[in-house]
Structure formats: C-alpha cells, structure tokens
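# Summary of structural features
Each chain, written out:
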Amino acid sequence: MPNWIIAVIFYSLISCWIFGFINRFRSNLTSTITMISPMVSGMITGMGGGTITGILLEQNLLLSLFISVLIGIIAGGIIGAIISIGAFLNGALSGMMAGMMGVMLMNMLPSSQGGKGIFAFMVIGGILQFVHILMLQGQIQEPILHQSSWMYRSPAFMMFVMFTLLFIFTFGRYEATSTDSNSIQKFKQTEQTPMSVPNERHMAH
C-alpha cells in the first residue's frame, strides 16, 4: 500500500472522530471548546492534506494549492457547521490557511525528503489530536461519556489506531528504502563487473 494512502486514512480518521464526537456531545460542550475544535480539525487535516497533495502534485502548484485548501475548508467547516456560523468560519479559514502552508512547505523541500515530511506532520498531528481528545473528553461528565459509543469513552482507541498507522507508514518507508538501496548496489556491481574476455578459438577464426 502506498504511504500516501496510509496518510489519507490517518487524517480521515482524525476528522471523522472529531466530527462524530462534536455531533454527539455538542450540547455538553462549552462555547470556547466548540470554537477550538473546528480550528484544530481544520489545521490538522488541512496541513496533512497539503503535505500529501504537495508531494503527489509537485509539478502543478496551483492545483495542489486548490485541492489542499478545499480539504482544509471541508474538514474544519463541516465540524463548525454543526455548531454555529462563527465556528464554521473559524474552522474553514483555519483549514484554508493550513492547507496552503502544507503545500508551500513540501514544495520547498527536496523530492527525496517528501516521505519524511509527510511522516513528521503525521506524528505532530497525532500528538495534537491526542491532546484534543483529552480536552474534549474532559468536558463530558463520566456518566454521560460511558453511555456513548465505546470509541468515544477513552483515548485508547484513537491512540491504538494512530500508532498502528504510523508503524505501517514507517515500515513501508523502510522497506522502500531497502529496496532502493539493493537496486543501487546491484546496479553498481553490474557496472564494475569486467567484460568477459572473448574465447581464443573465436579470435583465431
């Protein structure tokens, strides 16, 4: 599986989890938290989408900017839309800004560093999402939280999934690097191998 698909799954899961939690408990959250969550979602997903599109569409900067901005606006805007108009604007604009930043950053990096850039922001996004989970769950009373779906009761589910996807991404990068190294080594060995000396009988003829 290509690493960029793993990254897409990673950010999609984060966005879907936040959307589900906010939709389920929006009446129990304070106005401050409901303004922060769309911004967090838009920033994490927009930045992640920017790093992915910045690599996949590195030859077309305008298209990669448009797609990443759209991803950020959708990720932050949809979550904000279920709360209020102000939360929608907060999430959409944060996602738009993060999407642009992600693309521009990946375009500044060498092509060989693209995979490392995507992985670095997956780690950063995962850490920020974990803090976000703790913040959201801390707003809900224990009896109400335990009556909800099992995936919202504890941060353990999201932590397990994020660590699993990061491990798969790391393993895929290591495997690809090993394959490239072996190919280069074989190519060098082929170049250094001396040409076989022609048979003396054929030379005599």
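Residues numbered from 1 in each chain as written. Predicted model: local features only at pLDDT ≥ 70, side-chain atom pairs only at ≥ 80, totals over all residues. Heavy atoms only, no water.

### Here's the deal with the side chain of Ser-41
Following the sequence through the fold, Ser-41 ends up in helix α2 (residues 31-56). Using a relative accessible area of 0% as the deciding quantity, one classes Ser-41 as buried. Beyond its immediate stretch of four places on either side in the chain, Ser-41 contacts Ser-15, Ile-18, Gly-46, Ala-75 and Ile-79. (Helix = DSSP H or I, 4+ residues; strand = E, 2+ residues; numbered from the N terminus. Buried < 20%, exposed > 50% of the residue type's maximum accessible area, 1.4 Å probe, protein only. Contact = heavy atoms within 4.5 Å.)

### Concerning the packing of helix α1 (residues 3-25) against helix α5 (residues 114-138)
Two elements in contact, α1 and α5, have axes whose closest approach is 11 Å; the angle formed by their N-to-C orientations is 15°. Between α1 and α5, the interaxial angle falls into the category roughly parallel. Judged by the twist between their axes, the crossing of α1 over α5 is left-handed. Contact with α1, carried on its side by Ala-7, Phe-10, Tyr-11, Ile-14, Trp-17, Ile-18, Phe-21 and Ile-22, involves Ile-118, Phe-121, Met-122, Gly-125, Gly-126, Gln-129, His-132, Ile-133, Leu-136 and Gln-137 of α5 and no other residues of that element. A per-class count over the contact of α1 with α5 returns 13 nonpolar, five polar and no charged. (Axes fitted to C-alpha atoms, helices over the stretch in contact; angles between N-to-C directions. Parallel < 35°, antiparallel > 145°, perpendicular 65-115°, else oblique. Left-handed = near helix turned anticlockwise from the far one by under 90°. Nonpolar A, V, L, I, M, F, W, Y, C, P; charged D, E, K, R; others polar.)

### A look at the packing of α1 against helix α3 (residues 61-81)
Viewed as axis vectors pointing N to C, α1 and α3 meet at an angle of 10°, and their least axial separation amounts to 9 Å. One finds that α1 runs roughly parallel with respect to α3. Along the contact surface, α1 presents Ser-15, Ile-18, Phe-19 and Ile-22, while α3 presents Ala-75, Ile-78 and Ile-79. A breakdown of the residues in the contact of α1 with α3 according to their chemical character gives six nonpolar, one polar and no charged.

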